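Residues per chain are reported as follows:
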Amino acid sequence: MSYLLPILLALWGCDAPAPPPVVDEYPAAARRVTFATLEGLGPHRLDARITRTTQVEGAPPTEEDEAISLRWQDADHWQVTRRRGGKPVTEVRAWEGRAWLYTRGGAPVLHADAEPFRAALAAEWDPWTTALGAYADHLGLREVSQELVEGRMAHVYALELLDGEAGKGQEVERVEGRVWIDELTAVRLVGDLQVDARHRGRVRSVRLRFAVVEIGGDPGVEPPPGIVDSEGKSP
């Protein structure tokens, strides 16, 4: 069990080994997961898509689509891409302590130190927080089953509305979807959910879909231009 120690310490923030949370504690434990916990999974890819729709009576709905893809090999080799409306916004490729920043599909700009980008990633990696914001406090989770995800046991929860008042005149009207929480680390491995809220005559919907895949495999991190990978290939 010693190999679990770094993961558990990152999750619980304590100095002594702790067992995985009991079933009823998984949603609470998931809220305490940090980027260090995600790193503890080893190599992986996290893909997320956030669709925000606004409907005003008498007008066609407007829609904004955001996609985030994180490919993580280790602390020295990773990349994260963000797109809106199908168009690239930013991409960071970290390789051996340096970072290449692409902005809106332009040429890469080399930064000698990748650490500021890794710190930013650690603060902004979670699509759950990015998509839901204050709505997350109004979601209840009811366990419905257990399933294997990427060979890992996960607890499956159906989302329910706890209360509607979300502050600043917002009223959450509907919540639906499911989330799969890893039994060992409490990382949210898969999710497909939607939240509808009303604010000053507008109905705002947020749909979030995400999945952590290729755990322990090859996430497909691409070396920056001019860098030769471990197989002697240059992109």
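Residues numbered from 1 in each chain as written. Predicted model: local features only at pLDDT ≥ 70, side-chain atom pairs only at ≥ 80, totals over all residues. Heavy atoms only, no water.

What about the packing of aromatic side chains?
Threshold: Ring pairs shown here join Phe, Tyr and Trp side chains whose ring centres sit within 6.5 Å, with only the six-membered ring taken for Trp; geometry is labelled stacked below 30 degrees between planes, edge-to-face above 60, and tilted in between. Helix and strand definitions follow DSSP, with helices as H or I runs of at least four residues and strands as E runs of at least two, each counted in order from the N terminus. Relative accessibility under 20% of the residue-type maximum defines a buried residue, over 50% an exposed one, and the middle range a partly exposed one, all with a 1.4 Å probe and only protein chains included. The rule is short: NZ of Lys or CZ of Arg within 6 Å of the ring centre and within 35 degrees of the ring normal puts a charge over the ring.
What the rule picks out here adds up to 3 aromatic pairs. On the numbers, 5.1 Å between centres and 85 degrees between planes, the contact of F35 with W72 is edge-to-face. Here the residue F35 occupies a position in helix 3 (residues 35-39), and W72 occupies one in strand 2 (residues 62-74), the gap between them amounting to 37 residues. Here W72 falls in the buried class, since its relative accessible area comes to 2%. Ring geometry for F35 and W125: centres 6.2 Å apart, planes at 55 degrees, overall tilted. Placement of F35 in helix 3 and of W125 in the loop between helix 4 (115-124) and helix 5 (127-132) is noted, with a sequence separation of 90 residues between them. Judged by its relative accessible area of 14%, W125 falls in the buried class. Lying over the aromatic face of W128, R188 brings its terminal NZ or CZ to 4.2 Å of the ring centre.

A word on the pattern of salt bridges
Convention followed: Whenever a carboxyl oxygen of Asp or Glu lies within 4 Å of a side-chain nitrogen of Lys or Arg, that contact is scored as a salt bridge.
Counted under the stated rule, the structure contains 16 salt bridges. The partner of D196 in a salt bridge is R174, with the nearest N and O atoms 2.7 Å apart. Taken together, the residues D196 in strand 11 (residues 188-199) and R174 in strand 10 (residues 170-182) connect sequence positions 22 residues apart. A relative accessible area of 34% places R174 in the partly exposed class. Residues joined in a network through salt bridges with shared partners are R71, E91, R93 and E222.

A word on the pairing of strand 8 (residues 152-161)
Here is the rule we go by: At least two bridges found by DSSP between two strands is the condition for calling them paired.
Here strand 8 lies mainly inside the structure; 7 of its 10 residues are buried. A loop of 2 residues connects strand 7 (residues 139-149) with strand 8, the two strands running antiparallel in sequence, and E150 in this loop sits at a positive phi of about 55 degrees. Across 5 bridges, strand 8 lies against strand 10 in antiparallel orientation. Paired with Y157 across the bridge in strand 10 is V179.

Structural notes on the environment of G220
To keep things clear, this is the line we draw: In this description, contact between two residues means that some pair of their heavy atoms is separated by no more than 4.5 Å.
As for its placement among the helices and strands, G220 is situated in the segment after strand 12 (202-213). C-alpha separation for the pair G220 and Q73, spaced 147 residues apart in sequence, amounts to 8.2 Å. Not counting residues within four places of it along the chain, the set of residues in contact with G220 comprises R71 and Q79.

Here's the deal with the environment of E124
Locating E124 in the fold gives a position in helix 4. The sequence separation of E124 and F35 amounts to 89 residues, and the corresponding C-alpha distance is 9.0 Å. In this structure E124 touches R82 and T130, once residues within four positions along its chain are discounted.

The analysis is restricted to geometry; functional conclusions fall outside its scope.
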